[in-house]
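# Descriptive structure summary
As a plain string of letters, each chain reads:
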Amino acid sequence: MTAEIWTGALAAVSLFLGAGLGLTLCLPGFAKTGLAGRLGFAWLLGVAWIGLFLYAASHFAHVPLDGPLVFLAAFPPLAAGLVAALRLLVLRRWRAPAPRTARPLWTLALSLLAVLVSAAVLGDALTRPLEDWDGRMTWTAQAMFVRDAGTVDAGVLRFPKSFISHPRYPLLMPLAQIAALEAAGSDDERIVRVVYALFFPALVLLVLEAGRRWAGSRAALLTALALLTIPWIPFDPEGGAAGAYSDLPLACFFGGGLLLLLRGRPRASDGVAAGLLLAAALLTKNEGLPEVLIALALAALSAGLALLRRRRSGRSRALAAALAGLLCLAALGLLVSWRSAIPNRYDESYFETFSIASYARNLASPRPFTTIPVIARRMLNPRLWGLFWWLAPVLFVAAAPRFRRPPTAYLAAAAAVPLLAAWSAYAQVPSAVYYATVTWDRLLLQGCVPVFGLLALGVRRLVHPPARNLTPVPSPIALPPSGRGGPR
Amino acid sequence: MIYRSGALLSSAGRWARLTPAEARRRAFGPAYVDAVEAIRRDLPEDAWYLLVPPKDFEATGWAVWLRHDLAPRRPILIESKDGRGFRTDRDAAPRWVRWAILPGDGGVPVLLTRDEALARLRASGG
């Protein structure tokens, strides 16, 4: 391994992380987010921002996709973040460090485990060529064609005879690949692999942040530990962080957007950040659209209920949901406009064969039940999911989070979206068992942030039994202002 | 997880000693990688080519892998007529495409001119 790959990977990571950190410094909603949560959101926001910027600039303004455009995308958040950081330094408004309490030794062990697993995935990405199926078939191939053409409206995508798999799949992650390679000044696909690998630590930090907000520090750490015991997510090349599939980025964008919208009293800037993440989800995979719609519907429902109950948080929730919805609407407009000139081919053609009548008729089909053996076999296989699906149901029985206590119901609804997507898909296709074999784990992954949020709420009940759990619940969505499990 | 992470790091250490070219040869096989490198030298980056896959290409990913490794060169897939040979008419194989890639011995890709490739396909019943 040469210095070139190290410097290239560092440049690519700095591009996204720098832009994302700039955004988290500018958006006041992140002012009380701890360093871990901020780093997780920074990675996601950086990829989302740069991907969205390149997509829109290339399609609407016909600006060539090259190094200068990548720099132009990164410059505003970097500069604004720098100004915000300097302003905070000058005004000495850096948050005072929390009083240090002695942390149990196991929390240190947890951090070491997180670092070890992430380093392993990163080490693999830095040294081996890309070998997974969808990464080579779709996402990386599209990135190379689009980069060569210098536009997302590449002729090769639009020419009906060209052999392009899934030419109408959204291009946000291929654009992130292009940005990484332009920043690195390289064609080395190992740099692309690093971008995907870093979504794993981002997911861990996101789960940690979600757990802290909803269930307190200790429950959050235990939930993150549960995530770190699942081998499939970091190590699997066909959907996990070791490949170039888009499912892990989608899980992070969807989960991150949901987390921001379900804050107790979100600020307008939370709505903007959630909108960026959900817009990125929409432009990452086709499944992003139903997931984004559900996230927005849940945010609107929570705002509507709060307004009905005349809670003070009602207006801020409605504003955040509206801002996020506007950004998602713009992203949908971009997707529809971009797709309209691309003839579909070498694709399952779900949309072409779709009709409400046949869809509704097939939903009642018993076909999805035939997938249960393969689904159960995969979920209970320790080499794939560790002991997670053996233990999680036991935990939910022993310490089920109270359904009426928010955000439990919202998280349960969001966690069910990929399952509903699976049911819908498996009911429509003749070879449901094959589809379940190749898609089930990835669908589970897409809904993992709300699942881990629910797990954190269950763990909280174990760690703090209800009789002693006196934390007040001031709003329908119980959120400690500091994100540390209790009000300050 | 500790064991698997350690094993992956140890494997990464071994891969790190290889150059990118050596790593690709180890991952995909030397014959395939050498053939792809030769085609990349001969076929200009902005070229179109006809891609004639073996019969089981969907299972093996032959065409998909090759398309990735030759990108941004642009492929037009010549598909089999339900296992009864390939469509080689003007509509399926546009005249302005000068190059074609076929599977050679052991699935190793071979670059031919369009006319050579079509003649070979017709001779084999395509």
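What you see is a predicted model, and the numbers here were worked out from it, not measured in a lab. (Residues numbered from 1 in each chain as written. Chains lettered and ligands numbered in written order. Predicted model: local features only at pLDDT ≥ 70, side-chain atom pairs only at ≥ 80, totals over all residues. Heavy atoms only, no water.)

### Overview of the overall build of chain A
Formally: Put simply, DSSP marks the helices as runs of H or I at least four residues long and the strands as runs of E at least two long, and each gets a number from the N terminus on. Burial classification: accessible surface area is computed with a 1.4 Å probe over protein chains only, and a residue below 20% of its type maximum counts as buried, one above 50% as exposed, and the rest as partly exposed. Every residue pair with non-hydrogen atoms within 4.5 Å of one another is taken to be in contact. Note on areas: Shrake-Rupley, 1.4 Å probe, and residue coverage restricted to the protein chains presented here. Under this rule, positive means Lys or Arg and negative means Asp or Glu; His and the chain ends count for nothing. Charge coordinates come from a single atom per side chain, which is NZ of Lys, CZ of Arg, CG of Asp or CD of Glu.
The helix and strand tally for chain A stands at 22 helices and zero strands. Scored against the burial criterion, the 488 residues of chain A give a buried share of 57%. If you take every contact in chain A between residues at least 6 apart in sequence, the share linking residues at least 24 apart comes to 80%. As presented, chain A carries roughly 19800 Å² of accessible surface, and 69% of it is formed by carbon and sulfur atoms. Positive and negative side-chain charges in chain A, numbering 45 and 23 respectively, have mean positions lying 21 Å apart.

### Re the interface of chain B and chain A
Heads up, the condition is: We define buried area as the total accessible area lost by two parts upon association, computed with a 1.4 Å probe and summed across both. In protein, a polar contact requires one atom able to donate a hydrogen and another able to accept it; more generally it is a pair of N or O atoms within 3.5 Å, and residues adjacent in sequence count only if both atoms are side-chain atoms. Amino acids outside the nonpolar list (Ala, Val, Leu, Ile, Met, Phe, Trp, Tyr, Cys, Pro) and the charged list (Asp, Glu, Lys, Arg) are all regarded as polar, and Gly is one of them.
At the interface, 41 residues of chain B touch 40 residues of chain A. Both faces combined, the contact of chain B with chain A buries some 3400 Å², and carbon together with sulfur accounts for 69% of it. The largest share of the area that chain B buries against chain A comes from Met1, Arg67 and His68 of chain B, three residues that together contribute 22% of it. Viewed at the interface, chain A and chain B are joined by six residue pairs in polar contact (both at pLDDT 80 or more). At the level of elements, helix H1 (2-16), helix H2 (20-28), strand S1 (48-51), helix H4 (57-60), helix H5 (62-70) and strand S2 (74-77) of chain B are the ones that each hand at least two residues to the side of chain B that touches chain A. Within the side of chain B that touches chain A, the residues separate by chemical class into 25 nonpolar, five polar and eleven charged.

### Here we look at the sheet that holds strand S4 (residues 109-113) of chain B
As a general point, the strands of a sheet are linked pairwise by backbone hydrogen bonds and lie either parallel or antiparallel. Residues and elements named next belong to chain B. Operational definition: Pairing between strands requires that DSSP locate at least two bridges from one strand to the other. The convention used is that axes are lines fitted to C-alpha atoms, helices contributing only their stretch in contact, and that angles between N-to-C directions extend from 0 to 180 degrees.
One open sheet accounts for four strands, arranged S2-S1-S3-S4; its pairing is mixed. Edge positions in the sheet fall to S2 and S4, since each has one partner strand and no second. Between one strand axis and the next, the sheet turns by 30 degrees as a mean value, whatever way the strands run. Two elements, S1 and S2, share four bridges in a ladder whose sense is parallel. Note that in S2 the partner of tyrosine 49 across the bridge is proline 75. Along the sheet, H5 makes contact with S1, S2, strand S3 (99-103) and S4, crossing S1 at roughly 165 degrees.

### Side note on the packing of aromatic side chains
Rules: Stacked, edge-to-face and tilted are the three classes for Phe, Tyr and Trp ring pairs, Trp counted by its six-membered ring, which pair at centre distances within 6.5 Å; planes under 30 degrees apart are stacked, over 60 edge-to-face, the rest tilted. A ring has a charge above it when a Lys NZ or an Arg CZ is no more than 6 Å from the ring centre and no more than 35 degrees off the ring normal.
Scanning all chains against the criterion turns up 19 aromatic pairs over all chains. Between the aromatic rings of tryptophan 232 of chain A and tryptophan 385 of chain A, the centroid separation amounts to 5.6 Å while the plane-to-plane angle is 15 degrees, which identifies the pairing as stacked. Residue tryptophan 232 of chain A is found in helix H11 (residues 232-235), and its partner tryptophan 385 of chain A is found in helix H18 (residues 382-385); the two are separated by 153 residues along the sequence. A relative accessible area of 3% means that tryptophan 385 of chain A is categorised as buried. Taken together, Trp232, Trp385, Phe388, Trp389 and Phe452 of chain A form an aromatic cluster joined through their ring pairs. For the cation-ring pair, arginine 26 of chain B lies above tryptophan 15 of chain B, with the distance from its terminal atom to the ring centre recorded as 4.4 Å. Above the plane of the ring of phenylalanine 163 of chain A lies arginine 67 of chain B, whose end atom (NZ or CZ) is 4.3 Å from the centre.

### Focus on the pattern of salt bridges
Residue and element names in this part refer to chain A. For clarity, the cut-off: A carboxyl oxygen of Asp or Glu within 4 Å of a side-chain nitrogen of Lys or Arg is what we treat as a salt bridge.
Counted according to the given criterion, the structure contains 18 salt bridges over all chains. Aspartate 188 is the partner of arginine 190 in a salt bridge, and the nearest nitrogen-oxygen pair spans 2.7 Å. With relative accessibility at 6%, the residue arginine 190 sits in the buried group. Arginine 263 is paired through a salt bridge with aspartate 270; the nearest N and O atoms lie 2.7 Å apart. The residues arginine 263 and aspartate 270 share a single accessibility class, namely buried. What emerges from the salt-bridge pattern is a single network uniting Asp134, Asp247, Lys285, Glu287 and Arg442.

### Points about the pairing of S1 of chain B
All names here are of chain B. Because side chains alternate across S1, one face comprises the buried residues Trp48 and Leu50, and the other comprises Tyr49 and Leu51, equally buried. Two elements, S1 and S3, share three bridges in a ladder whose sense is parallel. Of the residues in S3, the one forming a bridge with tyrosine 49 is tryptophan 99.

### Considering unusual backbone geometry
Between alanine 71 of chain B and proline 72 of chain B the backbone carries a cis peptide bond, its omega angle lying at 10 degrees. When you line up the elements, proline 72 of chain B lands in the loop between H5 and S2. Its identity as a non-glycine residue notwithstanding, histidine 62 of chain A has a phi of 55 degrees, on the positive side. For histidine 62 of chain A, the position within the fold is in the loop between helix H2 (35-60) and helix H3 (67-90). Although it is not a glycine, arginine 310 of chain A sits at a positive phi angle of roughly 55 degrees.

### Overview of a nonpolar patch on the surface
Residues and elements named next belong to chain A. Rules: Nonpolar side chains (Val, Leu, Ile, Met, Phe, Trp, Tyr) are joined into patches within 5 Å and like charges within 9 Å, using only residues with over 30% relative accessible area and no salt bridge.
The grouping of Leu82, Leu86, Leu89, Val90 and Leu91 at the surface amounts to a nonpolar patch, some 520 Å² of accessible area in total. Among the structural elements, leucine 91 can be located in the loop between H3 and helix H4 (105-127). Using a relative accessible area of 45% as the deciding quantity, one classes leucine 91 as partly exposed.

### Observations concerning empty space enclosed by the protein
All names here are of chain A. Note the cut-off: Both cavities and pockets are sets of points on a 1 Å grid over the protein atoms alone; in a cavity a 1.4 Å probe fits but cannot get out, in a pocket the set is open with protein on both sides within 12 Å along at least five of seven lines, and lining residues sit with an atom within 4 Å of a point. Grid points are joined across faces, edges and corners, and a volume is the space filled by probe spheres set on the points.
Throughout the structure, instances matching the rule amount to two cavities of 30 Å³ or more. Of the voids in this model, the second largest cavity is the one considered here, and its volume is about 40 Å³. Lining the second largest cavity are Trp385, Phe388, Trp389, Leu444, Leu445, Cys448, Val451 and Phe452. Of all the secondary structure elements, the ones that give two or more residues to the lining of the second largest cavity are helix H19 (388-398), helix H21 (432-446) and helix H22 (448-463). The element that contributes the greatest number of residues to the lining of the second largest cavity is H22, accounting for three residues. Residue composition of the lining of the second largest cavity, by class: eight nonpolar, no polar and no charged.

### Notes on the pairing of S4 of chain B
Side-chain positions along a regular strand alternate between the two faces of the sheet. As paired strands, S3 of chain B and S4 of chain B are joined by five bridges and run antiparallel to one another. Residue pairing for S4 of chain B: alanine 100 of chain B is matched across the bridge by leucine 112 of chain B.

### Focus: the confidence of the model for chain A
Segments scoring low in pLDDT should not have their predicted coordinates read at a detailed level. Residue and element names in this part refer to chain A. The test is simple: Every residue gets a pLDDT, meaning the predictor's confidence in that residue, from 0 to 100.
Taken as a whole, chain A shows an average pLDDT of 89; of its residues, 91% reach a score of 70 or greater. Per-residue pLDDT, averaged within each element of chain A, yields its smallest value for helix H16 (residues 356-363) (74) and its largest for helix H7 (residues 172-184) (97). When the criterion is pLDDT under 50, residues 472-488 qualifies, and its contacts beyond four places in sequence or with other chains add up to 53 contacts.

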